[in-house]
Amino acid sequence: MRRMIFEHVRRYAIVAVASVFPFAGMAGTPVIYTDGTKPLFEIEVPDFWSLRTGGLRDLASPEQSDDFRDISRLFGITPDAHDGIWVGLISPFGVTTLPEARTYLRDIGPFLVQDASVDPPKARRINGLNASSISGTGRREGRNVSFTVLAIDLPGARVAIAAVVIEAGADLDPLSDVNAMLASIQAVR
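Notes on the structure in this doc start here. (Residues numbered from 1 in each chain as written. Predicted model: local features only at pLDDT ≥ 70, side-chain atom pairs only at ≥ 80, totals over all residues. Heavy atoms only, no water.)

**Quick notes on the sheet that holds strand β2 (residues 38-46)**
As a reminder of what qualifies: Between any two strands, at least two bridges found by DSSP are needed for them to pair. Note on conventions: DSSP H or I runs of at least 4 residues are helices, E runs of at least 2 residues are strands, and numbering of each starts at the N terminus. Residue contacts follow a heavy-atom distance rule, with two residues in contact if any of their heavy atoms lie within 4.5 Å. The convention used is that axes are lines fitted to C-alpha atoms, helices contributing only their stretch in contact, and that angles between N-to-C directions extend from 0 to 180 degrees.
Strands sit in the order β1-β2-β13 across an open sheet of three strands; the sheet is antiparallel. Taken across any chain shown, the strands that pair with only one partner, and hence form the sheet edges, are β1 (28-35) and β13 (186-187). Direction of pairing for β1 relative to β2: antiparallel, over a ladder of eight bridges. What sits directly across from D35, in β2, is K38. Seen against the sheet, helix α3 (residues 175-184) touches β2 and β13 and runs at an angle of roughly 155° to β2.

**Section: the pattern of salt bridges**
Applied cut-off: By salt bridge we mean one thing: a side-chain nitrogen of Lys or Arg within 4 Å of a carboxyl oxygen of Asp or Glu. Here's how the labels work: a residue is buried when its accessible area is under 20% of the maximum for its type, exposed when over 50%, partly exposed in between, all with a 1.4 Å probe on protein chains only.
The final tally for this structure, using the stated rule, is four salt bridges. The residue R143 makes a salt bridge to E141 at a minimum N-O spacing of 3.7 Å. Among the salt bridges present, the one from E167 reaches R143, with a minimum N-O distance of 3.4 Å. Of the two residues, E167 is situated in strand β12 (residues 158-167) and R143 in strand β11 (residues 143-154); the sequence distance between them amounts to 24 residues. For E167, a relative accessible area of 26% gives the class partly exposed. Among the ionic contacts, a cluster of salt bridges with common partners joins E141, R143 and E167.

**A word on the side chain of S184**
Heads up, the rule is: Polar contact is the term for a pair of N or O atoms within 3.5 Å; when the atoms are in protein, one must be able to donate a hydrogen and the other to accept it, and sequence-neighboring residues count only if both atoms are side-chain atoms.
Here S184 is to be found in helix α3. Residue S184 is classed as buried on the basis of its relative accessible area of 14%. A distance of 2.8 Å separates a polar atom in the side chain of S184 from the backbone nitrogen of E44. Those residues in contact with S184 that sit more than four places away from it in its chain are E42, I43, E44 and N127.

**Description of the nonpolar core**
Rules: Only buried Ala, Val, Leu, Ile, Met, Phe, Trp, Tyr and Cys residues count toward a nonpolar core, and they belong to the same one when joined by side-chain atoms within 4.5 Å.
Of all hydrophobic cores here, the largest spans 47 residues; its most connected members are L89, I152, I161 and I185. Looking at this core, the element that brings in the most residues is β12, giving eight residues. In this structure I161 touches G88, L89, I90, P92, A101, Y104, L105, V149, L150 and A151, once residues within four positions along its chain are discounted.

**Things to note about unusual backbone geometry**
Located in the positive-phi region is F48, a residue other than glycine, with phi close to 70°. Mapped onto the elements of the fold, F48 is located in the loop between β2 and β3 (49-54). Despite not being glycine, E141 has its phi angle at roughly 50°, a positive value. Within the secondary structure layout, E141 lies in the loop between β10 (129-140) and β11.

**Details of empty space enclosed by the protein**
The criterion, for reference: Of the two site types, the cavity is a set of points on a 1 Å grid over the protein atoms alone where a 1.4 Å probe fits but cannot get out, and the pocket is an open set with protein on both sides within 12 Å along at least five of seven lines, each lined by residues with an atom within 4 Å of a point. Grid points are joined across faces, edges and corners, and a volume is the space filled by probe spheres set on the points. Residues are sorted three ways: Asp, Glu, Lys and Arg are charged, Ala, Val, Leu, Ile, Met, Phe, Trp, Tyr, Cys and Pro are nonpolar, and all the rest, Gly among them, are polar.
Counted according to the given criterion, the structure contains one cavity of 30 Å³ or more. Here the largest cavity defines a volume of roughly 40 Å³. For the largest cavity, the full set of lining residues is D119, P120, K122, S133, I134 and S135. The greatest single-element share of the lining of the largest cavity, amounting to three residues, is contributed by β10. Here the lining of the largest cavity is built from residues that sort into two nonpolar, two polar and two charged.

Structural data, given as structure tokens:
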């Protein structure tokens, strides 16, 4: 029964998060992701969501504590009133195309979600930019999760990557905010 409920939630969450489309009048705060002093992209963070930022760091493998991967500056965004939903955004160093983003995600993926089952990628357009999304399920910190990852081709040979992770049993009310956030991503020219 628990697995059936998780599968139902998984399907609903993936459809909701993967169906990125513009939202008019979203209340929020524009935030600009930079690489040093160079602005790369902007996103609207909704009211009553928290944004944490972090610089370059090493991410340790969950299975081997001596296996590390460098990750770029990270935006971590969570709803204030709902547990179990996390949105992360990065623009990885040296990743300049969508095919390179897929390679990067294959390398970094096991550090974020274990035992992942991934659906085929889907082509998208976000604010006129080419994008690709993948969705799937797995485990994170011992909990079942569904996830969607969106890679957006930015001008100037850069890529933005947004990851949405939803724990099984999480309240799905904030998904409209997640969709609005993802739809708000635009290149800073």
